[in-house]
Amino acid sequence: IRGITVKPPTFGHVVGARGALILLLMLVSVGLAARAASKANSADNDALAWFMVVVGVVTAIIALPGILAWDSVYSDAIHRWRFGSRTYSFVHPDMLGSLSRRLQLVVRVLNYEYDMNFSISGAFYEAKLLVSECVEITTQLLGLLAGASSMPSDVVIVSTALVATNVCGSCVLHLIPKHLHGKEWRTAFDLCLDLFWVVWNSATMQYESVPFLQAVALAVPLVLGAITLREMADFIVFDHAQRDCVQSDLSRGFHTSKLTRQRSRLRGFGTMIDADASDLQLTASATPRSKRRRLAVGFIASAACAAALALFITTVDRIGETEARCASEVGPVWVGVAADDKRFFSDGLLADLSCALDGVTRLGLAGSDIAAIDDRVTLFPSLEIIDATGCTALREVTPAVTALPHLHSLLLAGSPAAEVLSWRNFGFTSLHPLLLQQTALVELDLSGNALQELPADIEKLSLLQRLALANNELGDSVVAALAPLKELRVVDLSHNNIGVLDDSATGSRTIRRWSSLDLSYNRFDSLTGALFAPAKVSLVLTGNPVVVADLASFGIGPAMPTAVYDLPLEVLNVYVNNIATIDAGIVRLAPTLLSLTLEQNVLTYDSIPPELSRLDKLTFLSVGANAIQDANGNLPPVIYQMPAVSDLNLVCMKLRRLDAAVWDLPLRSLEIKFQAELTSLPPLSASAAANLDLKVLVLRHVAMDGVPDLVLQPPLVDTLELFTFYSGALTLEDHERIRDDVVAATGGRLECRVIWIEDVDLVHCEQPGSVYQQDVGGHYIEFSGRAPGHVPAIDIDRSRACILDLDDVLPFR
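The rules behind the values
Residues numbered from 1 in each chain as written. Predicted model: local features only at pLDDT ≥ 70, side-chain atom pairs only at ≥ 80, totals over all residues. Heavy atoms only, no water. Pairing = 2+ DSSP bridges. Helix = DSSP H or I, 4+ residues; strand = E, 2+ residues; numbered from the N terminus. Axes fitted to C-alpha atoms, helices over the stretch in contact; angles between N-to-C directions. Patch = residues over 30% accessible without salt bridge, like charges linked within 9 Å, V, L, I, M, F, W, Y side chains within 5 Å. Areas by Shrake-Rupley, 256 points an atom, 1.4 Å probe, with all protein chains shown as cover. Salt bridge = Lys/Arg side-chain N within 4 Å of Asp/Glu carboxyl O. Buried < 20%, exposed > 50% of the residue type's maximum accessible area, 1.4 Å probe, protein only. Right-handed = clockwise from strand over helix to strand, strands pointing away. Disulfide = S-S within 2.5 Å. Parallel < 35°, antiparallel > 145°, perpendicular 65-115°, else oblique. Contact = heavy atoms within 4.5 Å. Nonpolar A, V, L, I, M, F, W, Y, C, P; charged D, E, K, R; others polar. Phe/Tyr/Trp six-rings, centres within 6.5 Å; stacked < 30°, edge-to-face > 60°. Core = buried A, V, L, I, M, F, W, Y, C linked by side-chain atoms within 4.5 Å. Expected span 1.5 Å × (residues − 1). Left-handed = near helix turned anticlockwise from the far one by under 90°.

Visitor: Where do I start with the sheet that holds strand β5 (residues 385-387) in this structure?
Guide: Taken in spatial order, the 3 strands of this open sheet run β3-β5-β7, and their pairing is parallel. Each end of this open sheet is capped by a strand with a single partner; those strands are β3 (362-364) and β7 (409-411). Averaged over neighbouring strand pairs, the angle between their axes works out to 5° when direction is ignored. Examined bridge by bridge, β3 and β5 share 3 bridges and lie parallel to one another. Of the residues in β5, the one forming a bridge with R362 is I385.

This is the structure in structure tokens:
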């Protein structure tokens, strides 16, 4: 026109870096909507997914054409420059044509009018900006109110801060100059707040159950941000178009706006052209009315900012108070509650705050300095995982964790509680799976529960060395159940229901392996040799109904096992062992002990404690095959001081003499055998003779040259009911003569005969019908009037054992 042309536009020239940034923000807005839709779909929230799809489509339709169709916008800007902003007012009716053209005209008119009034350079831009801010803030507040119940407290703080920033941003925006580039800065600032709100909410939203208002609070800033981006894109294109028109000296068309009659103002461009200016000048017009309006808006915005700040400060303060209250209520484990699980606003933003412990599923205590996990952990009913790995101060974990119905993992690795755990008095009837997870346990205390048996899975605790199972209901199978625990050394099974000790090969090996064992207060009535293995450092048997302890040939020694002193024993047989010492504690058996057999051990004169004389109920004593004689070949004095011994067995002891005090004992049976150096019996005093009621006298393998005279004289000649005699110094004829002498002395009351037994000629005399009996081997068995088991049958071949020891001094035939 008039030979003047406009330079052909290019994308780089028209759009530039600002336009490229706006395009990027447009794509980000669409991408955020798409991401929210994808997240909602993954969370099976189809309604939210479709809603965000629609929002994304709307955002794309609004925003993207501003940049992608920049050339069309540029052409429209040139057209407005040449023909005026409202050229549609002069279109001839004949040119409208069809309905579609009329509709296109309507759309164009509306678009032009929007640009003229509400775009960045529009007359009502500030009003539009204020309305959009009010809409955004309102939706944000409503979304915050609706979604606070499902938000972590930290998210509520940030969301409240964003609302306060958005509100107070209005005050800041009101202070920015109102020239066109000032408006652009305000728009950019508002856009940044909107996009940050969208990014934050899309990242923190709980897509499984999103309230409608919270979804709207996410959608509205997206749509308004798209509109803002479109306006900024149009502003940039229009601005470049106007500059190109001015620089090309392109003539302007007719404008209908009254505001442009004095100074040609190009509506929709965001600029004002001074008719006399050669260059583009950016100015800002202001009237007293607009100043009053801005002042009123600024006051309202300031009040709103103050209210928003008050809401933010109050929210932070309430959260701080609730945090302190919950920490006091829950205890040390509160440090393990993740920030995402602290949902204090579960009842709403304006309601009273609660700890919301039912929403906590994990306690992350790893690496903390917590010292104990106490019973307050049960305040978390939905807890699934407790991670206390690496807690070097953690020494106590309450057994109440097993009461949490959803807890499936208790991680204690690297803490002292992983090796030492005490779960006492909690009523366990079986081992909880959480306990079997603790494979690093070295010491475990399960005392005071209701365990009836141990599962096979206990072998998972393969490092266990100390185990306390006192005060449970465990039965006979407990030893077999613990057999797989090869490292186990200290076991407490007291106060249980064990009726029979496992004496199988596996059970015996297991019991021998334990260096400390407490079996007190069970109900077994017999003992097994494995209990007294040499490796046993501690053994407790108190409170079991063991009356007879037959511990022959178990290799017990060198000390008498003191554990038996705490049993109500009536019979204690420890012959053929390696016992070298008996301590004073044996006196604890005084109330019950009736029979004590110590034969074939390694006792010495000093091994017999004086306290033995305090066993005032002991009636049977066998100390044979022990070197307990003194230098004179006599018994220790304590033997003569035992007040109730009526059956005394002295075998294979190298005795050379006996004190006359032996007759002061209330003897009914005296067995002296394999005493190759004993040549006589001590004399019988008148006082002893008056009280003596000896029924059985056995003198075998002694060095006497004949039967002692006291045997053939009262009172023995009147009281004896069984008498056996053999001396290695006599011949068969001598023994036959002794037989006749005894018969004659007793007036035929005793029937005597010479028996060939054990390769010797034995004089055997007994009263017909006597309650005393002799076994085939000539060994005294039992007084039939006594309770069975009090004087046990001895099956060992003591004569052979004694021959091996004394064959150099015994002149056997």
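What follows picks up the thread again.
Visitor: Please explain a nonpolar patch on the surface as it appears in this structure.
Guide: Together, L142, L145, F212, L213 and L350 make up a nonpolar patch on the protein surface, roughly 500 Å² of accessible area in all. Broken down by secondary-structure element, the contributors of at least two residues to the nonpolar patch are α7 (125-147) and α10 (212-247). For L350, the location among the structural elements is in the loop between α12 (288-330) and β3. Accessibility expressed as a relative area gives 67% for L350, which makes it exposed.

Visitor: Could you clarify how one ought to interpret the pairing of strand β19 (residues 669-675) in this entry?
Guide: For a regular strand, side-chain orientation follows a simple rule: the groups alternate between the two sheet faces. Most of β19 sits inside the fold, with 7 of its 7 residues counted as buried. As judged from the 5 bridges shared by strand β18 (residues 647-651) and β19, these two strands associate in the parallel manner. Pairing of V651 across the sheet is with K673, part of β19. As defined by bridge partners, β19 adjoins strand β20 (residues 696-702) across 6 bridges and the pair is classed as parallel. Looking at the pairing, I672 lines up with L699 of β20. The β-α-β motif built from β19, the intervening helix α17 (residues 686-691) and the parallel element β20 has right-handed crossover chirality.

Visitor: I would appreciate a short explanation of the state of the cysteines in the present structure.
Guide: Scanning the model with the defined rule gives 3 disulfides in all. Disulfide pairing places C168 opposite C305 at an S-S distance of 1.9 Å. Disulfide C168-C305: the torsion about the S-S bond is 95°, which places it as right-handed. In this pair, C168 is assigned in helix α8 (residues 153-175) and C305 in helix α12, connecting sequence segments 137 residues apart. Accessibility assignment for this pair places C168 and C305 in one class, buried. Note on cysteine connectivity: C326 is disulfide-linked to C355, with sulfurs 1.9 Å apart. Taking the sign of the torsion about the S-S bond as the criterion, the disulfide between C326 and C355, at about -105°, is left-handed. With C326 in helix α12 and C355 in the loop between α12 and β3, the pair connects residues that are 29 residues apart, well separated along the chain.

Visitor: Help me out: how do you make sense of the packing of helix α2 (residues 16-42) against helix α3 (residues 46-63) in this one?
Guide: Helix-helix packing: each pair is described by the crossing angle between the helix axes and the interaxial distance. In contact at an axis separation of 7 Å, α2 and α3 are set at 170° when each is read in the N-to-C sense. By the angle between their axes, α2 is roughly antiparallel relative to α3. Touching M26, S29, V30, A33, A36, A37, A40 and N41 of α2 are D46, L48, A49, M52, V53, G56, T59, A60 and A63, all from α3. In terms of residue class, the contact of α2 with α3 is built from 12 nonpolar, 4 polar and 1 charged.

Visitor: What's the story with the packing of aromatic side chains in this structure? I'm lost.
Guide: The relation between two aromatic rings is expressed through the spacing of the ring centres and the mutual angle of the planes. In this structure the tally under the stated criterion is 5 aromatic pairs. Taking the centre distance of 5.3 Å and the plane angle of 45° together, the rings of F426 and F428 count as tilted. Judged by relative accessible area, F426 falls into the partly exposed class, the value being 34%. Residues F723 and F725 carry aromatic rings whose centres are separated by 6.3 Å and whose planes lie at 20° to one another, so their mutual orientation is stacked. Taking relative accessible area as the criterion, F723 reaches 0% and is therefore assigned buried.

Visitor: Even after reading the chapter, I still don't get the nonpolar core, so can you show me in this structure?
Guide: Proteins that are soluble and globular tend to have nonpolar side chains buried together. With 144 residues, the main nonpolar core has L482, L527 and L572 as its most contacted residues. With 4 residues, the top contributor of residues to this core is helix α14 (residues 478-482). Residues within four places of L572 in sequence aside, it is in contact with A549, L551, M560, V564, L589, L593, S595, L596 and T597. One finds A164, V167, C305 and A308 within the second-largest nonpolar core, a separate group that totals 30 residues.

Visitor: I'm lost on helix α19 (residues 732-745) in this one. Help?
Guide: Helical geometry: 3.6 residues make up each α-helical turn, so side chains three or four residues apart lie on a common side. Helix length check: α19 (14 residues) gives 20 Å between terminal C-alpha atoms against 20 Å at 1.5 Å per residue, within 8%. Lining the buried residues of α19 we find β21 (722-727), β22 (751-757) and β23 (760-766). At the exit of α19 stands G747, carrying a positive phi of roughly 65°.

Visitor: How do you make sense of the environment of A60 when you look at a structure like this?
Guide: Position of A60 among the secondary structure elements: in helix α3. A relative accessible area of 19% places A60 in the buried class. For the pair A60 and A226, spaced 166 residues apart in sequence, the C-alpha separation works out to 7.7 Å. If we ignore the near neighbours within four places in the chain, the residues touching A60 are V30 and P65.

Visitor: I'm lost on the sheet that holds strand β16 (residues 595-597) in this one. Help?
Guide: Sheet strands pair via backbone hydrogen bonds, and the direction of the pair is either parallel or antiparallel. Strand order in the open sheet formed by 10 strands is β14-β15-β16-β17-β18-β19-β20-β21-β23-β22, and the pairing between neighbours is mixed. Every interior strand has two partners, whereas the edge strands, β14 (548-550) and β22, have only one. Sheet twist, expressed as the mean angle between neighbouring strand axes with direction ignored, is 10°. Relative to β21, β20 is paired through 6 bridges, and the arrangement is parallel. In the sheet register, L697 faces β21, and the bridge partner there is F723. The strands touched by α19 are β21, β22 and β23; relative to β22, the strand with the most contacts, the crossing angle is about 155°.

Visitor: Please explain the packing of α2 against α10 as it appears in this structure.
Guide: In the contact formed by α2 and α10, the axes pass within 10 Å of each other and the chain directions differ by 160°. Relative to α10, α2 is oriented roughly antiparallel. The hand of the α2/α10 crossing is left-handed. Along the contact surface, α2 presents R18, G19, I22, L25, M26, S29, L32, A33 and A36, while α10 presents L218, L222, L229, R230, M232, A233, I236 and D239. Of the residues in the contact of α2 with α10, the class split is 12 nonpolar, 2 polar and 3 charged.

Visitor: Would you mind showing me how to read the pairing of β18 here?
Guide: Among the 5 residues that make up β18, 5 are buried, leaving the element largely enclosed by the rest of the structure. The alternating pattern of β18 places D647, N649 and V651 and L648 and L650 on opposite faces, both of which are buried. The sheet contact formed by strand β17 (residues 620-622) and β18 spans 3 bridges and is parallel. Bridge pairing in β18 places F620 opposite D647.

Visitor: Any chance you could explain the pattern of salt bridges here in plain terms?
Guide: Between side chains of opposite charge, pairing is possible as soon as their charged atoms come close. Within this structure, the stated rule accounts for 14 salt bridges. Where D374 meets R376, a salt bridge forms, and the shortest distance between an N and an O atom there is 2.9 Å. For the salt bridge of R424 with D445, the shortest nitrogen-to-oxygen distance reads 2.8 Å. Highlighted residues: R424 in the loop between β8 (420-422) and α13 (433-436) and D445 in strand β9 (residues 443-445), separated in sequence by 21 residues. For D445, a relative accessible area of 14% gives the class buried. Each of D693, K695 and E721 takes part in salt bridges that share partners, so that together they form one network.

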